[in-house]
Amino acid sequence: MQFGGTPKQAVRRRNRRLQLNANLDDCSYPHNLMMYNDPPTMNITLQEFEAFAFERVKVLHYLDSLSVSAVKNSQTYNAKLTEFLRKNYPGFLLQNGGDRDVSEAELEWRRRDHISHFILRLAYCKSEELRRWFLEKELDLFKFRFLQESMNSVQSFLRQNNLTYTPISDDEKERFRPFLTKISLEVTEAALEKTFFYRVPFVEVLNLVSSRRVFLYQGDAFVPQKEFLSIISNQFREHLSKALTLTARSLPELEEDDRLLPILCSFNKNALSTAYDPKRNEGKVSVNDLDDMSQTSYPLCMRQLHRALKDTHHLRHWGRMQYGLFLKGIGVTLEESLKFWRQELGKGIGEDKFDKEHAYNIRHNYGKEGKRTNYTPYSCMTIITKNPPAAQDHHGCPFKHTSPDLLRQKLRSYKTSNDVIDEITDLVKGQHFQIACQKYFEYTHKLEDSSFQVTHPNHYFDESQKILKDEKVPRQQNNQDKNVTKFAPNWSMPNSQKEDKSNLTEEKKFNNEWEDSTLEQMMMEYSEE
Ligand code: SF4
């Protein structure tokens, strides 16, 4: 299994006799941290291929879900991640042992780490959106693991990867003492002796320069040891970004391989399916039904937008975007959409003004103006993490952006029982916004336990419609196996793991969603109010 290179190299590779995987030693994997420079060249079975990739996908998705409920690298974030890894994938917590012998089990974990990373490169290199997601999650994992390492271990990691960063000498430290002690409150006169500083070209640490966390001298930045992670992360990001682009170029070769391709597709299919395809429902919903549907099938975020629009005949920019794309996703056609928005906004500003100021944006949402991109509705992750609403806004996620008192009030007005309101507010306090939304879904649809996870307002709507139209499997059947696991990933589970579900029970809080690729484009193209 190799990636990248010219077609000639690929042919040579195909013909090369690969070494068998049996003899692993310290030289194969000298450190538990890797920059993933060289692809694996050993043979592995298809079962291993599938199982290794599957476990890494789960770790990356856990990181994704965790980033919604906790600040990255905060104490809570690290504690939750450590707990998750300890229970499920302890190999990712192994630290380098200095001079001690590395056990076979550790070497095996390193091998899995190495191989799984490269498999997922293949699965996630297909589109810009997938690459960006994969890069970000791999970087999060790398940073977490890097921060667990001792100083000696970091030094040996740098040596092994030819990353020649040596701390500045004591003389140099003495020379710049007055400046170095002003970098941060933590670098006091006393702490200076024990702190390492690295001198690097300032372009390598632009984020630290912009936040004034380094001392600059003659084009070099003096980076304190605490901030050293920024340098290494940049290296890691740059390297992986290039590698993913190269992998994408060599992907057509893989299409000849009918064993691997279906497996790879089963991993990234999840990503593609959650980037909601607005065409799937086209024309299914009439705007005359929106009032009823908003009460039965809308998630709270859309219900509050619909209500606000009906009451005030006005929505600010992000509200119009969030709701407009949702409507497109549930199947409102462009013509119907124009009719609906003209009717509602027109009551506030007049239809002429509507035609001049808003009709273009609605056509743009449907890919009929500008770059003619087929924009997708926002996912929960996007709504929760981007563009927080200001005072007069109605967009965002009510579970995340509404104060607990107001949320209680709102739920009460929707005739939610006190028990459920208590449960939901507890979940919100724990920052489990999507799980709180799922609880609300279960309550409003009279389910004890739904089999799907709320990751997208449009999936919420579709699921609700299925239940209401009685197209879904009767609830009793659904609930028969509810004790097995609530973690229901959209990607297919490897055959080798299908029987072993014992370690999945803790993963029920997984929310696998990622940002819409189009959001930034849209931010560029649309003017703010
Ligand atoms: Fe909407 Fe998602 Fe928040 Fe539910 S969790 S209210 S669907 S953004």
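Residues numbered from 1 in each chain as written. Predicted model: local features only at pLDDT ≥ 70, side-chain atom pairs only at ≥ 80, totals over all residues. Heavy atoms only, no water.

Caption draft 1: Representation of the overall build of the protein chain in the model. Regarding its fold elements, the protein chain presents 26 helices and three strands. Among the 529 residues that make up the protein chain, the fraction classed as buried is 51%. Within the protein chain, contacts between residues at least 6 apart in sequence are counted, and of these 71% link residues at least 24 apart. As displayed, the protein chain has an accessible area near 26,000 Å², and 49% of this comes from carbon and sulfur atoms. (Helix = DSSP H or I, 4+ residues; strand = E, 2+ residues; numbered from the N terminus. Buried < 20%, exposed > 50% of the residue type's maximum accessible area, 1.4 Å probe, protein only. Contact = heavy atoms within 4.5 Å. Areas by Shrake-Rupley, 256 points an atom, 1.4 Å probe, with all protein chains shown as cover.)

Caption draft 2: Quick peek at the sheet that holds strand β2 (residues 215–217). The strand order β1-β3-β2 describes an open sheet built from three strands, whose pairing is antiparallel. The open sheet has two edge strands with one neighbour each: β1 (197–201) and β2. Between one strand axis and the next, the sheet turns through 30° on average, direction left out of account. (Pairing = 2+ DSSP bridges. Axes fitted to C-alpha atoms, helices over the stretch in contact; angles between N-to-C directions.)

Caption draft 3: Representation of the site of the ligand within the structure. The environment of the ligand is formed by Pro-299, Cys-301, Cys-380, Ile-383, Cys-397, Pro-398, Phe-399, Gln-434, Cys-437, Val-454 and Pro-457. Those elements that provide at least two residues to the shell around the ligand are α19 (380–385), α20 (398–401) and α23 (433–444). Its residues assigned to classes, the shell around the ligand shows 10 nonpolar, one polar and no charged. (Near = heavy atom within 4 Å. Nonpolar A, V, L, I, M, F, W, Y, C, P; charged D, E, K, R; others polar.)

Caption draft 4: Quick look at the pairing of strand β3 (residues 220–224). In terms of residue burial, β3 counts as a mostly covered element, since five of its five residues are buried. Neither face of β3 is exposed, since Asp-220, Phe-222 and Pro-224 on one face and Ala-221 and Val-223 on the opposite face are all buried. Here β2 pairs with β3 via three bridges, running antiparallel. Across the sheet, the residue bridging to Leu-216 is Ala-221, located in β3. Following β2, the chain reverses through two residues before pairing antiparallel with β3; Gln-218 in that reversal takes a positive phi of roughly 45°.

Caption draft 5: Layout of a nonpolar patch on the surface. A surface patch of nonpolar side chains, about 350 Å² in accessible area, is lined by Phe-202, Val-203, Leu-206 and Leu-216. Assignment of secondary structure puts Phe-202 in the loop between β1 and α10 (206–210). When its relative accessible area of 36% is taken as the criterion, Phe-202 is described as partly exposed. (Patch = residues over 30% accessible without salt bridge, like charges linked within 9 Å, V, L, I, M, F, W, Y side chains within 5 Å. Salt bridge = Lys/Arg side-chain N within 4 Å of Asp/Glu carboxyl O.)

Caption draft 6: Layout of helix α22 (residues 418–429). With 12 residues, α22 ought to run about 16 Å at 1.5 Å a step, and its terminal C-alpha atoms sit 16 Å apart, in line with that. Among the residues of α22, Val-420, Ile-421, Ile-424, Thr-425, Leu-427 and Val-428 are the ones counted as buried. Projected down its long axis, α22 shows its buried positions confined to an angular sector of 160°, all on one face. Of the exposed residues in α22, the ones pointing more than 90 degrees away from its buried face are Asn-418, Asp-419, Asp-426 and Lys-429. Against the buried residues of α22 lie α20, α21 (404–413) and α23. Gln-431 lies just past α22 and shows a positive phi near 65°. (Expected span 1.5 Å × (residues − 1). Arc of directions from axis to C-beta.)

Caption draft 7: Summary view of the pattern of salt bridges. Inspection of every chain in the model, using the stated rule, returns 29 salt bridges. Here Lys-137 makes a salt bridge to Asp-140, at a shortest N to O gap of 4.0 Å. Of the two residues, Lys-137 and Asp-140 both sit in helix α5 (residues 128–148), three residues apart, roughly one turn of that helix. Pair check on accessibility: Lys-137 and Asp-140 agree, each one buried. Note that Glu-423 is salt-bridged to Lys-439, the shortest N-O span being 3.1 Å.

Caption draft 8: A look at the packing of α21 against α22. Following both chains from N to C, one finds α21 and α22 inclined at 150°, their axes separated by 10 Å at the closest point. In terms of orientation, α21 lies roughly antiparallel with respect to α22. You can see that α21 and α22 cross each other, and the crossing is right-handed. Within the contact between the two elements, α21 uses Pro-404, Leu-407, Arg-408, Leu-411 and Arg-412 and α22 uses Asn-418, Ile-421, Asp-422, Ile-424, Thr-425 and Val-428. Here the contact of α21 with α22 is composed, by residue class, of six nonpolar, two polar and three charged. (Parallel < 35°, antiparallel > 145°, perpendicular 65-115°, else oblique. Left-handed = near helix turned anticlockwise from the far one by under 90°.)

Caption draft 9: Spatial organisation of the nonpolar core. Membership of the largest hydrophobic core comes to 65 residues, with the highest contact counts inside it found for Leu-85, Phe-146, Phe-157, Tyr-165, Phe-228 and Ile-232. Core analysis: the second largest hydrophobic core is formed by 54 residues, Met-321, Ala-359, Phe-433 and Phe-441 among them. (Core = buried A, V, L, I, M, F, W, Y, C linked by side-chain atoms within 4.5 Å.)

Caption draft 10: Expanded view of the packing of aromatic side chains. This structure, assessed with the given rule, holds 26 aromatic pairs. Put simply, the rings of Tyr-298, Tyr-323, Phe-326, Phe-340, Trp-341 and Phe-461 pair up and form one aromatic cluster. (Phe/Tyr/Trp six-rings, centres within 6.5 Å; stacked < 30°, edge-to-face > 60°.)

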